[in-house]
Amino acid sequence: MQTGSKSILGSPSTGVPARHESRGMWLGLIGVAIFSLTLPFTRIAVAELNPAFVAFGRAVVAGVCALVLLVWIKAPRPTASQLRALVITALGVVVGFPLFSSIAMRYVPAAHGAVVVGLLPLATALFGALRFGERPSAGFWLAALVGSGIVIGFALHEGGGSFHLADFALFAAVIAAAMGYAEGGRLAQTMGGQNVIAWALVVALPVMLPVSLWLGWQYGVTASAPAWLAFAYVSLFSMFIGFFFWYKGLALGGIARVGQVQLLQPFMSLLGAAVIANEALDASNMLFALAVIVVVAIGRRMAVRR
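Residues numbered from 1 in each chain as written. Predicted model: local features only at pLDDT ≥ 70, side-chain atom pairs only at ≥ 80, totals over all residues. Heavy atoms only, no water.

Examining the environment of Val258
Step number 1: By the element assignment, Val258 lies in helix α11 (residues 255-259).
Step number 2: Considered as a pair, Val258 and Gly185 are 73 residues apart in the sequence and their alpha carbons are 10.0 Å apart. (Helix = DSSP H or I, 4+ residues; strand = E, 2+ residues; numbered from the N terminus.)

Quick look at the nonpolar core
Step number 1: The biggest cluster of nonpolar side chains holds 87 residues, and the ones touching the most others in it are Val94, Tyr181, Phe243, Trp246 and Tyr247.
Step number 2: When residues of this core are assigned to their parent elements, the largest contribution, 14 residues, is made by helix α10 (residues 225-253).
Step number 3: Dropping the residues within four chain positions of it, Tyr247 is found in contact with Thr89, Val93, Gly180, Tyr181, Gly184, Gly185, Ala188, Gly193, Val196 and Ile197. (Core = buried A, V, L, I, M, F, W, Y, C linked by side-chain atoms within 4.5 Å. Buried < 20%, exposed > 50% of the residue type's maximum accessible area, 1.4 Å probe, protein only. Contact = heavy atoms within 4.5 Å.)

Digging into the confidence of the model for the protein
Step number 1: Summarising the model, the protein shows a mean pLDDT of 83, and 86% of its residues fall at 70 or more.
Step number 2: Mean pLDDT values over the elements of the protein span from 54, in strand β2 (residues 304-305), up to 96, in helix α3 (residues 51-72). (pLDDT = per-residue confidence, 0-100.)

A closer look at helix α9 (residues 193-219)
Step number 1: Of all the bends in α9, the greatest reaches close to 55 degrees and is centred on Leu205; the proline Pro206 follows between one and four positions later.
Step number 2: Backbone geometry just downstream of α9 places Gly220 in the positive-phi region, at approximately 85 degrees. (Bend = angle between axes of the 7 residues up to and from the residue.)

Considering the environment of Arg135
Step number 1: With respect to the helices, strands and loops of the structure, Arg135 is situated in strand β1 (residues 135-136).
Step number 2: Considered as a pair, Arg135 and Ala125 are ten residues apart in the sequence and their alpha carbons are 9.2 Å apart.

Things to note about helix α12 (residues 265-276)
Step number 1: An ideal rise of 1.5 Å per residue puts 16 Å on twelve residues; α12 measures up with 15 Å between its terminal C-alpha atoms.
Step number 2: Those residues of α12 not exposed but buried are Gln265, Pro266, Ser269, Leu270, Gly272 and Ala273. Relative to the axis of α12, the buried residues are bounded by an arc of 165 degrees and lie together on one face.
Step number 3: Of the residues trailing α12, Asn278 is marked for its positive phi of about 55 degrees. (Expected span 1.5 Å × (residues − 1). Arc of directions from axis to C-beta.)

A word on unusual backbone geometry
In terms of backbone geometry, most residues other than glycine have negative phi values and most peptide bonds are trans.
Step number 1: Unusually for a residue other than glycine, Lys74 sits at a positive phi of about 55 degrees.
Step number 2: Note on placement: Lys74 falls in the loop between α3 and α4 (80-104).
Step number 3: Relative accessible area serves as the criterion here: at 68%, Lys74 is assigned to the exposed category.

Description of the packing of helix α2 (residues 38-46) against α10
Step number 1: At their nearest, the axes of α2 and α10 sit 8 Å apart, and the two run at 140 degrees to each other. Between α2 and α10 lies a crossing whose hand is left-handed. The residues of α10 that touch α2, namely those facing Thr38, Phe41, Thr42, Ile44 and Ala45, are Pro226, Ala227, Ala230, Phe231, Tyr233, Val234 and Ser238. (Axes fitted to C-alpha atoms, helices over the stretch in contact; angles between N-to-C directions. Left-handed = near helix turned anticlockwise from the far one by under 90°.)

Structural notes on a nonpolar patch on the surface
Step number 1: Nonpolar side chains collect at one region of the surface, where Val61, Leu236 and Phe237 lie side by side and expose about 190 Å² of accessible area between them.
Step number 2: Mapping Phe237 onto the fold places it in helix α10. (Patch = residues over 30% accessible without salt bridge, like charges linked within 9 Å, V, L, I, M, F, W, Y side chains within 5 Å. Areas by Shrake-Rupley, 256 points an atom, 1.4 Å probe, with all protein chains shown as cover. Salt bridge = Lys/Arg side-chain N within 4 Å of Asp/Glu carboxyl O.)

See below:
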């Protein structure tokens, strides 16, 4: 374990004491609350800015903030093995999810995307099991599959029995995010949540910066104040601050266990889309979101061996 750097959320945990699980769940919930506004604000930003510019530009803004943070806390440099994990994390949460979700938000409402992103808990649990040997119980998998089935049913219902092309972009975003969440969550046990996302952003910065500058020159950056405010939120909160809480929560409570808190994200995003993006609160959307909340309560009681 590396030492010597200050931490905003406290020192990372390498064990899984039962008393830490509740703290991990609460930290995860704070992260999810921050992430839940990502799609509504992305929807506002991409209405006036190029989706790729939004995706890469937000990583540049967050990357500069991350570089300042790492210098300020005098964070130790990652080891070779940690660097490999950071690259995987960056590909998932710095590149993949922002890019695919920004593309999708050009074509479907944020409320639609929010419910499809409800697949994240199952995908995150799968990556945790395949990559790091977590062993959720059969009851846990059943609850996760039921919740994911509800989400898929919603996507088919909204698409008139078929998937939109934007749904495939959202599914790609889910896979990318799940990979980055699982990899970063495990890495946070030795590096701390703030260091994981900060180093992942800095690792990606040499690529993100020139691409963002080219996209800005190619497509322009003229937009209204609301669009820039939305861009600022997804840059500072969705891409940076939210991960402090999220990765710390995953490290404390386990990838599969805390990952299930994400099933609450569709409900929070629906409310955010109504308030921020002026999208109507559809009754069917609310029913689907409420259904996955019930699944969270059930899955929360199921055993997960680590």
